There are 2 protein chains.
Amino acid sequence: VSEPVHNALNVVVIGKQAMNWFDAMQKAYPSVRFGTPDTWSDPLTVQAAVVSEPNALSLRPYENLQFVQSLWMGVDALVADPTLPANVRIARMVDPDMPISMAETVAAYVLWSHRFGDVFQRNQRDQIWQEIAQPLARRRTVGLLGLGTLGSQCARVLIQLGFQVVGWSRTAKPLSGVQVFDDLHAMLDVSEIVVNMLPLTEQTRGLLCARTFSAMQPGAVLINVGRGAHVIDNDLLEALDSNHLRHAVLDVFNVEPLPTVHRFWTHPSVTVTPHVAADSSQETCMPVVIENLRRFAEGLPLNNLVDRTRGY
Amino acid sequence: VSEPVHNALNVVVIGKQAMNWFDAMQKAYPSVRFGTPDTWSDPLTVQAAVVSEPNALSLRPYENLQFVQSLWMGVDALVADPTLPANVRIARMVDPDMPISMAETVAAYVLWSHRFGDVFQRNQRDQIWQEIAQPLARRRTVGLLGLGTLGSQCARVLIQLGFQVVGWSRTAKPLSGVQVFDDLHAMLDVSEIVVNMLPLTEQTRGLLCARTFSAMQPGAVLINVGRGAHVIDNDLLEALDSNHLRHAVLDVFNVEPLPTVHRFWTHPSVTVTPHVAADSSQETCMPVVIENLRRFAEGLPLNNLVDRTRGY
């Protein structure tokens, strides 16, 4: 057992989701003093933060901050926060249930578009009864952008369902049953359904643009459960308007909540879901947070640290 | 090798789908004479029929008919045909790919409603951005009505996806990982998503009625891929209008194609698909048909015979 390095650990809790867990965190770790931005008389005594809803700038008052634990897996807003000194360590949430949750959503919309749910939904609006011959999953290729924790769990589930699965990722790791491509366009060329689960970095921002869409098969379906900023919205609308792409299922957007005036809401070839592809549950995330705070207090190596240069 | 019992086997081909296969069947079995209702000068020379689109009454002219091979799995219309003598044997299609096709559709709509796809679709119409906490599949119970060839394949896929699976069937066979109920209402009571795959018989006609819906959980979802006549349409509309049931995914209807005036088309809590939950492919069904005709010609026991008393 290590000696505590922080005898009086002060943790600021920021964000709606984090606030929901406030009492439970305090109960789970009574010797730590948790507080809200409103309750600290002296922000300089705060050494750590638990944050949800990426809160750029809101950490500025905590000049002696050493560690930020995010409740989300995506930490692009925290990494981009110019007020957060480079020496502050950031840990992202690695919720053991999160890849399972994500894979359930991805399987749902891959199967739904595989069985032409989008086409039948459009036909229902016009009261059109029209059968479509449907290939089995074993004749259908699904392309995954991103083969990390989320992508590899999705791959496993889709393979179990019988799909042909191909993938593309920055660090092309071998994955059983998945044909991994180095070349993005070569992967898109063979994929009828494309699922984006990449992290948002300077390399991947705007990746889903006109050039990418034109590399996709005519009639292909895009499922975006990565980040809104991966997509150039107008390019996607053009690809859908021209019927080059058949449908897009979008869970994430450049601006969230999706503004009422945005064409995605009413486009007949777009399904909008409110950033719910994978949610974290208190039950499984709380122990991850508490364990990391304990490690911080005891000066042990922290789990799930973000490489701030790489961006995730 | 048996002696052919029918040296000159005459087979009438009836129905749109069957007609599509006419040439291929003739090519696959050249020694048989295939014909259409129009081409037989003497219907009394016909011993067997290959039929699609259940054709009550259309078999009446073939008074010496001994065997009907259906291209569909559901044979309720043939069994109910009063002009078909009791001694005529009926075989239904058992397409090796059909349960796989059905399980893909069932998994698609179970996952879709599990992830609240129906709620998000309604919200999108009203441009409502509202998150919903989503339990994982392991916390969700799916109830299967019917545990035959189709039901058991669906059960396997749903269990693989992590769902709790319960079932109900006339002949409650044990099925690994499935809790089988004798009592229909006890099964409905624990199920959040109910999938109907029962055959249509006098016992199951109208089974999905007010009494059944009231035994289902508030907020439950119904997926009907069995037969339209299992459902009392007005009872279902009432259960949806009162929000007792959250949503219904309907692939089959009392009248098909679903009449333009039917409320199902426009009901916000109904998904209509045009009887496409499981389609048969010529590639896998043709060998089944040819094999059974060969068995008939050679006087061998026929495959997939219907018990006309039981109804399937």
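Summarised in this report is the structure supplied together with it. (Residues numbered from 1 in each chain as written. Chains lettered and ligands numbered in written order. Predicted model: local features only at pLDDT ≥ 70, side-chain atom pairs only at ≥ 80, totals over all residues. Heavy atoms only, no water.)

### Considerations on the interface of chain B and chain A
Rules: It only takes one pair of heavy atoms within 4.5 Å for two residues to be counted as in contact. When two parts are put together, the accessible area they lose, computed with a 1.4 Å probe and summed over both, is reported as buried area. Basic side-chain nitrogens of Lys or Arg form a salt bridge, by our definition, when they fall within 4 Å of a carboxyl oxygen of Asp or Glu.
Each partner contributes residues to the interface: chain B has 54 residues there, and chain A has 54 residues. The contact between chain B and chain A buries some 4100 Å² in all, and 57% of this surface belongs to carbon and sulfur atoms. On the chain B side of the contact with chain A, Gln124(B), Trp129(B) and Trp265(B) bury the most area, a combined 20% of that side's loss. Counting every contact that joins chain B to chain A gives six salt bridges.

### Some remarks on the sheet that holds strand β7 (residues 164-168) of chain B
All names here are of chain B. Defined as follows: Strand pairing is assigned whenever DSSP detects at least two bridges linking the two strands. To qualify as a helix, a DSSP run of H or I must reach at least 4 residues; to qualify as a strand, a run of E must reach at least 2; elements of each kind are numbered from the N terminus. Orientation is described by lines fitted to C-alpha atoms, with helices fitted over the stretch in contact, and by angles between N-to-C directions that extend from 0 to 180 degrees.
An order of β8-β7-β6-β9-β10-β11-β12 is seen for the seven strands of this open sheet, with the pairing classed as parallel. Of all strands in the sheet, those bounded by a partner on one side alone are β8 (178-181) and β12 (270-272). Shown here is a sheet whose adjacent strand axes are inclined to one another by a mean of 15°, direction ignored. Bridge analysis of strand β9 (residues 193-196) against strand β10 (residues 220-224) gives four bridges, and the strand direction is parallel. Note on β10: the bridge partner recorded for valine 195 is isoleucine 223.

### Section: the relation of the copies chain B and chain A
One copy of the chain maps onto the second through a rotation about an axis and a displacement along it. Cut-off, in case you're wondering: Overlaid copies result from least-squares superposition on C-alpha atoms, with residues included only where pLDDT is at least 70 in both.
Note on the identical chains: chain B maps onto chain A by a rotation of 179° and an axial translation of 0.0 Å, with an RMSD of 0.2 Å. Put plainly, the chains are arranged around a two-fold axis. Closest approach to the rotation axis within chain B is made by the C-alpha atom of Ala108(B), at a distance of 2.8 Å. The share of interface residues of chain B whose copies in chain A are also at the interface is 100%, consistent with both copies meeting through the same surface.

### Observations concerning the sheet that holds strand β5 (residues 89-91) of chain B
Residue and element names in this part refer to chain B. Strand order in the open sheet formed by five strands is β2-β1-β3-β4-β5, with parallel pairing between adjacent strands. At either margin of the open sheet sits one strand with a lone partner, and together these are β2 (33-35) and β5. For this sheet the average axis-to-axis angle between neighbouring strands, irrespective of direction, equals 20°. As judged from the three bridges shared by strand β1 (residues 10-14) and β2, these two strands associate in the parallel manner. For valine 11, the partnering residue across the bridge sits in β2 and is phenylalanine 34. Sheet strands in contact with helix α10 (residues 282-297) are β1, β2, β3 (48-51), β4 (67-70) and β5, and its direction is about 170° off that of β4.

### With respect to the nonpolar core
Taken as a class, soluble globular proteins show a tendency for nonpolar side chains to be buried jointly. The line we're drawing: Working definition of a nonpolar core: buried Ala, Val, Leu, Ile, Met, Phe, Trp, Tyr and Cys residues. They are joined through side-chain atoms within 4.5 Å. Each residue gets one of three labels from its accessible area relative to the maximum for its type: buried under 20%, exposed over 50%, partly exposed in between, using a 1.4 Å probe on protein chains only.
One finds Leu144(A) and Leu144(B) to be the most contacted residues of the largest nonpolar core, which totals 66 residues. Leu144(B) has contacts with Gly151(B), Cys154(B), Ala155(B), Leu158(B), Val165(B), Val166(B), Gly167(B), Trp168(B), Met187(B), Val195(B) and Met197(B), leaving out every residue within four places of it along the chain.

### A short note on the pattern of salt bridges
Inspection of the entire model under this criterion finds 20 salt bridges over all chains. A salt bridge links Arg115(B) to Glu104(A), with the shortest nitrogen-to-oxygen separation between them at 3.5 Å. Residue Arg115(B) is located in the loop between α4 (98-114) and α5 (117-125), and its partner Glu104(A) is located in helix α4 (residues 98-114); the two belong to separate chains. One exposure class covers both Arg115(B) and Glu104(A), and it is buried. A salt bridge links Arg205(B) to Glu202(B), with the shortest nitrogen-to-oxygen separation between them at 3.5 Å. Since its relative accessible area comes to 43%, Arg205(B) is described here as partly exposed. For Glu202(B), a relative accessible area of 60% corresponds to the exposed category.

### Things to note about α5(B)
Of all nine residues that make up α5(B), eight are buried, and the element is covered over most of its length. The set of residues buried in α5(B) consists of Gly117(B), Asp118(B), Val119(B), Phe120(B), Gln121(B), Arg122(B), Asn123(B) and Gln124(B). Taken together, the buried residues of α5(B) touch α4, α5 (117-125) and β12 (270-272) of chain A together with α4 and β11 (245-250) of chain B. Just downstream of α5(B), Gln127(B) is the residue with a positive phi angle, here 55°.

### Considerations on the packing of α4(B) against helix α6 (residues 149-160) of chain B
Two quantities define a packed helix pair, namely the angle between the helix axes and the distance between the axes. Residue and element names in this part refer to chain B. So the rule is basically this: Angle categories: roughly parallel below 35 degrees, roughly antiparallel above 145, roughly perpendicular from 65 to 115, and oblique for all the rest. Crossings are assigned a handedness: left-handed for a near helix turned anticlockwise from the far helix by less than a right angle, right-handed for a clockwise turn. We call Asp, Glu, Lys and Arg charged. Ala, Val, Leu, Ile, Met, Phe, Trp, Tyr, Cys and Pro are nonpolar, and the rest, Gly among them, are polar.
The interhelical angle for the contact between α4 and α6, taken along N-to-C directions, is 50°, at an axis separation of 8 Å. By the angle between their axes, α4 is oblique relative to α6. Here the hand of the crossing between α4 and α6 comes out right-handed. Here Met98, Pro99, Ile100, Met102, Ala103, Val106, Ala107 and Val110 of α4 lie close against α6, whose contacting residues are Thr149, Leu150, Gln153, Cys154, Val157 and Leu158. Its residues assigned to classes, the contact of α4 with α6 comprises twelve nonpolar, two polar and no charged.

### What about the pairing of β7(B)?
The side chains of a regular strand alternate between the sheet's two faces. All names here are of chain B. Which entries qualify depends on this criterion: Here is how to tell: hold the view so the strands point away, follow the path from the first strand over the helix to the second, and if it runs clockwise the crossover is right-handed.
Where burial is concerned, most of β7 is hidden: four out of the five residues are buried. Relative to β7, strand β6 (residues 141-145) runs parallel, the two sharing five bridges. Following the sheet pairing, valine 142 is matched in β7 by valine 165. For the handedness criterion, the β-α-β arrangement of β6, α6 and β7 is classed as right-handed.

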